[in-house]
Amino acid sequence: MSVWSDFVNPRIILGPGSGIYTVTTGVFAAVSKYSTDFTIVYSNMLLAVAPAIVFYVLLQKRIIGGLTSGAIKG
């Protein structure tokens, strides 16, 4: 979880002028003091959430089966 919310290390390693961003630094680059480019913010948020949604859709039966197997006594 700490890697997803890491902000300082990518800013130091990649540098502000490299043009390469992680998800969190990409969102930060789209937000400025007087304006926000919501197209970039929303597309970065979609890229951040998409792997979790795909993982859940592909393994939905196993995830729900694991959750319900502990709920049945006996």
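Bear in mind that the values here come from a model prediction, so they are computed numbers and not experimental data.

## Overview of the overall build of the chain
Step number 1: Along the backbone of the chain there are four helices and zero strands.
Step number 2: Counting helices and strands in the order they occur from the N terminus, the chain gives α-α-α-α.
Step number 3: Projected onto its principal axes, the C-alpha positions of the chain cover 60 × 25 × 20 Å.
Step number 4: Taken across its 74 residues, the chain has 12% of its residues classed as buried.
Step number 5: Summing over all exposed atoms, the chain offers an accessible surface of approximately 6300 Å²; the carbon and sulfur share of this is 70%.

## Brief notes about helix α3 (residues 38–58)
Step number 1: Here α3 contains 21 residues, and its C-alpha end-to-end distance of 30 Å stays within 8% of the 30 Å for a straight helix at 1.5 Å per residue.
Step number 2: Turning to α3, the residues buried within the fold contact α2 (23–30).

## Description of empty space enclosed by the protein
Step number 1: Using the criterion set out here, one finds one cavity of 30 Å³ or more in the structure.
Step number 2: Estimates place the volume of the largest cavity at around 40 Å³.
Step number 3: Taken together, the residues of the lining of the largest cavity sort by class into five nonpolar, two polar and one charged.

## Brief notes about the side chain of Thr25
Step number 1: Examined against the element boundaries, Thr25 turns out to sit in helix α2.
Step number 2: On the basis of relative accessible area, Thr25 is assigned to the buried category, the value being 2%.
Step number 3: Apart from the residues within four sequence positions on either side, Thr25 is in contact with Phe7, Pro10 and Arg11.

## Considerations on a nonpolar patch on the surface
Step number 1: On the surface, Val8, Ile12, Ile13, Leu14 and Ile20 cluster together to form a nonpolar patch covering roughly 520 Å² of accessible area.
Step number 2: Here Ile13 is to be found in helix α1 (residues 8–14).
Step number 3: The class for Ile13 is exposed, based on a relative accessible area of 68%.

## Looking at the packing of aromatic side chains
Pairs of aromatic rings are described using the distance from one ring centre to the other and the angle between the two planes.
Step number 1: On inspection of all chains with the given rule, the structure shows one aromatic pair.
Step number 2: Ring centres of Phe38 and Tyr42 lie 5.7 Å apart, and the angle between their planes is 25°; on these two criteria the pair is classed as stacked. Residue Phe38 and its partner Tyr42 are located together in helix α3, separated by four residues, close to a single helical turn.
Step number 3: According to the relative accessible area criterion, Phe38 is partly exposed, its value standing at 47%.

The rules we used
- Residues numbered from 1 in each chain as written.
- Predicted model: local features only at pLDDT ≥ 70, side-chain atom pairs only at ≥ 80, totals over all residues.
- Heavy atoms only, no water.
- Helix = DSSP H or I, 4+ residues; strand = E, 2+ residues; numbered from the N terminus.
- Buried < 20%, exposed > 50% of the residue type's maximum accessible area, 1.4 Å probe, protein only.
- Areas by Shrake-Rupley, 256 points an atom, 1.4 Å probe, with all protein chains shown as cover.
- Expected span 1.5 Å × (residues − 1).
- Contact = heavy atoms within 4.5 Å.
- 1 Å grid on protein atoms, 1.4 Å probe; cavity = no way out; pocket = protein on both sides within 12 Å on 5 of 7 lines; lining within 4 Å.
- Points joined across faces, edges and corners; volume = space filled by probe spheres on them.
- Nonpolar A, V, L, I, M, F, W, Y, C, P; charged D, E, K, R; others polar.
- Patch = residues over 30% accessible without salt bridge, like charges linked within 9 Å, V, L, I, M, F, W, Y side chains within 5 Å.
- Salt bridge = Lys/Arg side-chain N within 4 Å of Asp/Glu carboxyl O.
- Phe/Tyr/Trp six-rings, centres within 6.5 Å; stacked < 30°, edge-to-face > 60°.

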